[in-house]
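Letter by letter, the chains look like this.
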Amino acid sequence: MTPLDYDYLRKLLKDRSGLMLSAEKQYLVESRLSPLARKAGLASLGELVAKLKSNDERLIVDVVEAMTTNESFFYRDKIPFDHFRDEIMPALIAARGKERRIRIWCAAASTGQEPYSLAMSIRELKEKLGGWRVDMLATDLSTEVLEKAKAGLYSQFEVQRGLPIQMLVKYFAQIGDTWQIAPDIRAMAQFRPLNLLADFASLGRFDVIFCRNVLIYFDQETKTGVLNRIGRQLEPDGYLVLGAAETVVGLTDAFKPVADKRGLYAPNKDKIKPASAVTSFAAVRPFAVAGAR
């Protein structure tokens, strides 16, 4: 791959996904895109770049998906899920007593472990959520990983990464060498492709937004833009959950840290500019918590 080809790919990936690649990452691009070039019947990465320049949209999508990092595992980092169980849900249950409805968005759902971890946590709270409606939207840039997420089928290695054995026994069925999460848990999340660089005002407002381990791949300007738009989708008393290596500090004043809760943020109500258009969340399929009437 020539330096000019690499520069073209770096710009394409930033424009299409927000992914920032340093000059030293050419080896990573070559290792991930060489199999894609062969699959497309192209003799070299130079030919791949030439075809990309012809605006082959399908190939552009494939390149972006090949370069997207989709690392995920159940109850990743544990602390955010403790916050969800001990801080977020009790506060929302107390605040939403009239509506009896909670809306959750997993903004980088990858292969589904995060939304399914939340779904299992919600199911464990079913005695407190009888009669409540909980909507969960799970989005990702990659349609390939979303298909895996919808299937809810995981290898032995994947279920051993972070998933407590009692949850495995309770919510999964073994199918040969794999494990599939129960249909009622799969039904608790609606999976939908979404690019965080695009406008997402039409998704409506949420009580909880998990946007973990994706901002680290963006430059500062892109991070700021995404966070400010997320702020406009979050209810004034809602919660934003970021990854362990992510922060809002120095990026936006739309959020403030929740004291003594690492990675947990609340809207800074006076600093959030209203969205130009926010529509309802009715298009997202709800699920009823088990035990609800």
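Located above this text is the structure these notes cover.
Given the structure is predicted, the values throughout are model-derived calculations rather than measurements.

Glancing now at unusual backbone geometry. With a phi angle near 60°, Lys78 is a residue other than glycine that sits in the positive phi range. Along the chain, Lys78 falls in the loop between α4 (57-67) and α5 (79-95). You can call Lys78 exposed: its relative accessible area is 52%. If you check the backbone angles, Arg100 has positive phi at about 50° while not being a glycine.

Sheet topology note: the strand β7 (residues 206-211)/strand β8 (residues 234-242) ladder contains 5 bridges and is parallel. When the sheet's bridge partners are listed, Cys211 is paired in β8 with Leu242. Read as a crossover between parallel neighbours, the route from β7 over helix α11 (residues 220-233) to β8 is right-handed.

Within the structure shown, the criterion is met by 20 salt bridges. One salt bridge in this structure joins Asp15 and Lys11, with 2.7 Å as the shortest N-O distance. With a gap of 4 residues between them, Asp15 and Lys11 both fall in helix α1 (residues 3-17), about one helical turn apart. On the basis of relative accessibility, which here comes to 46%, the residue Asp15 falls in the partly exposed class. Overlapping salt bridges bring together Lys78, Asp82, Arg85 and Asp86 as one network.

This part is about the sheet that holds strand β4 (residues 172-175). Taken in spatial order, the 3 strands make up an open sheet running β3-β5-β4, and their pairing is antiparallel. Either end of the sheet is taken by a strand with one partner, and the two such strands are β3 (153-155) and β4. Neighbour-to-neighbour, the strand axes of this sheet turn through a mean angle of 35°, independent of strand direction. Where β3 and strand β5 (residues 178-181) come together, 3 bridges link them in antiparallel fashion. Bridging across to β5, Leu153 finds its partner in Gln180.

What tends to happen in soluble globular proteins is that the nonpolar side chains get buried as a cluster. Within the largest apolar cluster, 46 residues are counted, with the highest numbers of intra-cluster contacts made by Phe74, Ile104, Met120, Leu163, Phe172 and Ile185. Those residues in contact with Phe74 that lie beyond four places of it in its chain are Gln113, Tyr116, Ser117, Met120, Tyr154, Glu158, Val159, Arg161, Gly162, Leu163 and Phe172. Membership of the second largest hydrophobic core comes to 25 residues, among which are Leu194, Phe206, Val226 and Leu242.

Thresholds, definitions, all that
Residues numbered from 1 in each chain as written. Predicted model: local features only at pLDDT ≥ 70, side-chain atom pairs only at ≥ 80, totals over all residues. Heavy atoms only, no water. Helix = DSSP H or I, 4+ residues; strand = E, 2+ residues; numbered from the N terminus. Buried < 20%, exposed > 50% of the residue type's maximum accessible area, 1.4 Å probe, protein only. Pairing = 2+ DSSP bridges. Right-handed = clockwise from strand over helix to strand, strands pointing away. Salt bridge = Lys/Arg side-chain N within 4 Å of Asp/Glu carboxyl O. Axes fitted to C-alpha atoms, helices over the stretch in contact; angles between N-to-C directions. Core = buried A, V, L, I, M, F, W, Y, C linked by side-chain atoms within 4.5 Å. Contact = heavy atoms within 4.5 Å.

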